[in-house]
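Take a look at the letters that make up each chain.
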Amino acid sequence: MERGWGLGGARGYRSQVTQTMELLSTPKNIEINNITCDSFRISWAMDKGDLERVTHYFIDLNKKENKNSNKFKHRDVPTKLVAKAVPLPMTVRGHWFLSPRTEYSVAVQTAVKQSDGEYLVSGWSETVEFCTGDYAKEHLAQLQEKAELIAGRMLRFSVFYRNQHKEYFQHVRLHCGNAMKPSLKDNSGSHGSPTSGMLHGIFFSCNTEFNTGQPPQDSPYGRYRFQIPAQRLFNPNTHLYFADFYCMYTAYHYVVLVLAPKGSAGDHFCRERLPQLDISCNKFLTCSVEDGDLVYRHAQDVILEVIYTEPIDLSLGVLGEISGHQLMSLSTANAKKDPSCKTCNISVGR
């Protein structure tokens, strides 16, 4: 398929078109299938007499407006695509104009290019709508490879921790039977992540300060911290999955991992959608046996966001107040990924 036009190209196209719509039938019965994060297959019906004459297809592709779209991005312009006529269905592919998990509308027009360079065209078809898909495993594997390049050395740690406000833990004690419950993951990170708005889990951190080997005393999420021994969440009966790699217009990069007990609902969800990591040998988070004991390490140069997919009783850990500051600027709640960062983006929809 040839590269689509921007608005300027579309104006040039209109100036060359001869409006004789009665010469070609209007495409009808538009069908769209085989949808991925950056491609789809499209077909339509034409009169038999048109099949041998049509030389080109014109496709009018528009992203539907979203009130929650990133206000810092340039406004998307309609995409006019031109393709030489091929047997239908045809695949439309292009990460430069298709984004994952995004709603689009599409209409088609057929044309016959004449010897003088002008076109005889049909009428535009009806407009149909569709939504692109999430990243597939192969796309996440590409993100994983990019994340591995900057993960850095591995540092030992012994606890996972979760910061929240005092009211959160009071609610857990009074209304949740003393157990933190998994909640639906927000839309932070890569727009194509299959976990966003789909996976239930509890967020934990495990990064430590280089000079002390202990969790930092600052947090963007609240002054109260629940700490739990690493082996409670991460052990040989746990599967580990890579879920995302992103940044938020800053030098910091985040890697999202999922810990799911083997055979759990979260494990089944991740097995179908996410690359699985070897728990004892990967670049981000490891659990290995050394001298008969479980030893834990995390990557130094990325911030790990670890999602645990099952409820956790507060009695399994220790709750206390940190002495540092609440650094709201580091919060990743519903954070939008920087689509221009070359470190953490791949050549499919952002």
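In this text, all values refer to a predicted model and were calculated from it rather than measured experimentally.

Below, the discussion takes up the overall build of the protein. Looking only at helices and strands, one finds 6 helices and 23 strands in the protein. With 350 residues in all, the protein has 47% of them scored as buried. In the protein, 76% of the contacts between residues at least 6 apart in sequence involve partners at least 24 apart. Carbon and sulfur atoms make up 49% of the accessible area of the protein, which amounts to about 17,700 Å² in all.

With respect to the secondary-structure elements, asparagine 235 resides in the loop between helix H5 (230–233) and strand S16 (238–246). Here the side chain of asparagine 235 touches glutamine 231 through a polar contact of 3.0 Å, landing on its backbone oxygen. A distance of 2.8 Å separates a polar side-chain atom of asparagine 235 from the backbone nitrogen of asparagine 237. Once residues lying within four places of it in the same chain are set aside, the contact partners of asparagine 235 are Ile279, Cys287, Leu294 and Tyr296.

This part takes up the confidence of the model for the protein. Caution applies to low-pLDDT regions: their predicted coordinates should not be interpreted in detail. Chain-level statistics for the protein give a pLDDT mean of 87 and a share of 86% at 70 or above. pLDDT under 50 marks residues 1–22. Its contacts with residues more than four places away, or in other chains, come to 43 contacts. Confidence drops under a pLDDT of 50 for residues 69–77, and excluding neighbours within four residues, the segment shows 6 contacts in the predicted structure.

Here we have 3 strands laid out as an open sheet, ordered S10-S20-S19, and antiparallel in their pairing. Edge positions in the sheet fall to strand S10 (154–157) and strand S19 (285–290), since each of these pairs with one other strand and no more. Direction aside, the axes of adjacent strands within the sheet are offset by 40° on average. One ladder, built from 6 bridges, connects S19 with strand S20 (residues 293–299); its direction is antiparallel. From the neighbouring strand, valine 289 faces S20, where its bridge partner is leucine 294.

Calculation notes
Residues numbered from 1 in each chain as written. Predicted model: local features only at pLDDT ≥ 70, side-chain atom pairs only at ≥ 80, totals over all residues. Heavy atoms only, no water. Helix = DSSP H or I, 4+ residues; strand = E, 2+ residues; numbered from the N terminus. Buried < 20%, exposed > 50% of the residue type's maximum accessible area, 1.4 Å probe, protein only. Contact = heavy atoms within 4.5 Å. Areas by Shrake-Rupley, 256 points an atom, 1.4 Å probe, with all protein chains shown as cover. Polar contact = N/O pair within 3.5 Å; in protein donor to acceptor, adjacent residues only side chain to side chain. pLDDT = per-residue confidence, 0-100. Pairing = 2+ DSSP bridges. Axes fitted to C-alpha atoms, helices over the stretch in contact; angles between N-to-C directions.

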